[in-house]
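Residue strings, one per chain:
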Amino acid sequence: MKQRFQRGDSDVFDLAWLDQEELEALQRVMLANSDNEICAYWLRSLNEQAAIRTGKLRIIPGAEARDPDFKQYSITDLDAAQIIFGGMRSQFNDSGKSTGKRFCELLGACCSEAIERKKQSSSADR
């Protein structure tokens with residue numbers, strides 16, 4: 001049975017909820033910061049969403065997106081991504097783009113949580 005997600009779900013986000021302006025703004029920023037592994041990951045996902053919207057990409061059954069594993073990234077990439085998504089969150093907030101703002105808030109929270117876990121893990125190893 002397929003589960004339907006609502007915009008109000010606190011830990012779920014569907015890139016289809018972004019409007020075209022939000023999608024393009026995120027693509028530009030992720031491209032400009034694509035040396036950061038987290039931004040590179042999301043650039044691929046955002047590009048796929050753009051391709052789906054233009055009919056240039058079809059979803060292949062069984063190829064559904066998986067939740068990214070933030071534990072795999074370095075603290076440096078996580079810190080940088082947190083700053084990037086924080087800046088985008090502010091821009092979306094200022095322009096009244098609540099969906100893009102929420103997307104950036106969720107990613108910033110994921111980065112923050114991963115940083116805390118890495119710090120706890122490294123202090124426990126000592």
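Residues numbered from 1 in each chain as written. Predicted model: local features only at pLDDT ≥ 70, side-chain atom pairs only at ≥ 80, totals over all residues. Heavy atoms only, no water.

**Q** Can you help me understand helix 3 (residues 75-94) in this one?
**A** Residues three or four positions apart in an α-helix share a direction because the helix packs 3.6 residues into each turn. The end-to-end C-alpha separation of helix 3 is 28 Å, in line with the 28 Å expected for 20 residues at 1.5 Å each. Those residues of helix 3 that sit buried are Asp 77, Leu 78, Ala 81, Ile 84, Phe 85, Gly 86, Met 88 and Phe 92. Directly beyond the C-terminal end of helix 3, a positive phi value near 75° is found at Gly 96. (Helix = DSSP H or I, 4+ residues; strand = E, 2+ residues; numbered from the N terminus. Expected span 1.5 Å × (residues − 1). Buried < 20%, exposed > 50% of the residue type's maximum accessible area, 1.4 Å probe, protein only.)

**Q** Can you help me understand the packing of aromatic side chains in this one?
**A** Aromatic ring pairs are reported here in terms of the distance separating the ring centres and the angle at which the planes meet. The tally for this structure, following the rule as stated, stands at 3 aromatic pairs. A ring pair is formed by Trp 42 and Phe 103, whose centres lie 5.3 Å apart and whose planes are at 85°; its orientation type is edge-to-face. Of the two residues, Trp 42 is situated in helix 2 (residues 37-53) and Phe 103 in helix 4 (residues 98-125); the sequence distance between them amounts to 61 residues. With a relative accessible area of 12%, Trp 42 lands in the buried category. Taking 6.2 Å as the distance between ring centres and 65° as the angle between the ring planes, the aromatic pair formed by Phe 70 and Tyr 73 counts as edge-to-face. For the pair Phe 70 and Tyr 73, a shared accessibility class is recorded, and that class is buried. Three or more aromatic residues joined by ring pairs form one cluster here, namely Tyr 41, Trp 42 and Phe 103. (Phe/Tyr/Trp six-rings, centres within 6.5 Å; stacked < 30°, edge-to-face > 60°.)

**Q** I'm lost on the pattern of salt bridges in this one. Help?
**A** Proximity of charged atoms lets side chains of opposite charge pair with each other. One pass over the structure, following the stated rule, counts 4 salt bridges. Glu 21 is paired through a salt bridge with Lys 97; the nearest N and O atoms lie 3.6 Å apart. With Glu 21 in helix 1 (residues 20-32) and Lys 97 in the loop between helix 3 and helix 4, this pair connects stretches of sequence that are 76 residues apart. Bridged by salt links that share partners, the residues Asp 19, Glu 21 and Lys 97 form one connected network. (Salt bridge = Lys/Arg side-chain N within 4 Å of Asp/Glu carboxyl O.)

**Q** Would you mind showing me how to read the state of the cysteines here?
**A** Every disulfide links exactly two cysteines, by a covalent bond between their sulfur atoms. Scanning the model with the defined rule gives 0 disulfides in all. Take Cys 111: it sits in no disulfide, and the sulfur closest to it among the cysteines is that of Cys 110, at 7.0 Å. (Disulfide = S-S within 2.5 Å.)

**Q** Explain the environment of Leu 26 here, please?
**A** Within the fold, Leu 26 resides in helix 1. By relative accessible area, Leu 26 is classed as buried at 0%. For the pair Leu 26 and Leu 43, spaced 17 residues apart in sequence, the C-alpha separation works out to 8.0 Å. When near neighbours in sequence (up to four residues on either side) are disregarded, Leu 26 contacts Leu 18, Leu 46, Met 88, Phe 92, Phe 103 and Cys 104. (Contact = heavy atoms within 4.5 Å.)

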